[in-house]
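Structural characterization, general
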Amino acid sequence: MYTIDVMSRVPVYEQVVEQTERFILTGILSPGDKIPSVRNLSVELSVNPNTIQKAVSELDRRGIVYSIPGKGCFVAEQAKAVLSESRRSELTGIKKQLMELKLAGISRGEIIEVIDEIYKPEREGIGND
């Protein structure tokens, strides 16, 4: 389920965080689902357990997972809403990028084509509204 790109400049713990968030947003993980234990994930990915624990702690800090001592970590009920709100706050950055594209001569039509491609019905369940 999880994969690590050892050649990436993105730290391993951030890769784990990003993949967990993507799994939640796409429905692979649902509220109440147990996420893999630190020990299991560290063995599966051949990564130091402290690195995985850092990812889990970050997910917990963001309110995406919660832990039950002796039972493990679970996807929080509000995880998808938290992630959606977080992504919504990124619209300011996207607006800035769109302004730069406009200045570079990229037409509105080209941008709309890309947006339409991303929101195609066959991509149902991957961020479509």
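Our subject in this report is the structure included herewith. Please read these numbers as outputs of a predicted model, since none were measured by experiment.

The next subject is the environment of T26. Turning to its location among the elements, T26 is positioned in the loop between α1 (12-25) and α2 (38-45). Classification of T26 as partly exposed rests on a relative accessible area of 30%. Along the primary structure T26 and K80 are separated by 54 residues, whereas in three dimensions their C-alpha atoms are 9.4 Å apart. A polar atom in the side chain of T26 sits 3.4 Å from the backbone oxygen of F23.

It is worth spelling out the packing of α2 against helix α3 (residues 49-61) at this point. Contact geometry for α2 and α3: axes closest at 9 Å, N-to-C directions at 125°. The angle between the axes of α2 and α3 places the two elements in the oblique class. In this structure, α2 crosses over α3, and the sense of that crossing is right-handed. Of α3, the residues touching α2 (which contributes V38, L41, S42 and L45) are P49, I52, Q53 and V56. Among the residues making up the contact of α2 with α3, the classes are represented as six nonpolar, two polar and no charged.

Before going further, it helps to examine the pattern of salt bridges. For the structure on display, the rule yields four salt bridges. A salt bridge links E21 to R62; its shortest N-O distance comes to 2.5 Å. Linking E21 in helix α1 with R62 in the loop between α3 and β1 (65-68), this pair joins segments that are 41 residues apart in sequence. Its relative accessible area of 35% is what places R62 among the partly exposed residues. The shortest N-O distance in the salt bridge between R62 and E58 comes to 2.7 Å. Classification of E58 as buried rests on a relative accessible area of 17%.

On to the environment of I64. Among the secondary structure elements, I64 is positioned in the loop between α3 and β1. Accessibility expressed as a relative area gives 1% for I64, which makes it buried. Placed 59 residues apart in sequence, I64 and D5 show a C-alpha to C-alpha distance of 23 Å. Those residues in contact with I64 that lie beyond four places of it in its chain are E21, I24, L59, F74, V75, A76, A79, V82 and L83.

About the cut-offs
- Residues numbered from 1 in each chain as written.
- Predicted model: local features only at pLDDT ≥ 70, side-chain atom pairs only at ≥ 80, totals over all residues.
- Heavy atoms only, no water.
- Helix = DSSP H or I, 4+ residues; strand = E, 2+ residues; numbered from the N terminus.
- Buried < 20%, exposed > 50% of the residue type's maximum accessible area, 1.4 Å probe, protein only.
- Polar contact = N/O pair within 3.5 Å; in protein donor to acceptor, adjacent residues only side chain to side chain.
- Axes fitted to C-alpha atoms, helices over the stretch in contact; angles between N-to-C directions.
- Parallel < 35°, antiparallel > 145°, perpendicular 65-115°, else oblique.
- Left-handed = near helix turned anticlockwise from the far one by under 90°.
- Contact = heavy atoms within 4.5 Å.
- Nonpolar A, V, L, I, M, F, W, Y, C, P; charged D, E, K, R; others polar.
- Salt bridge = Lys/Arg side-chain N within 4 Å of Asp/Glu carboxyl O.

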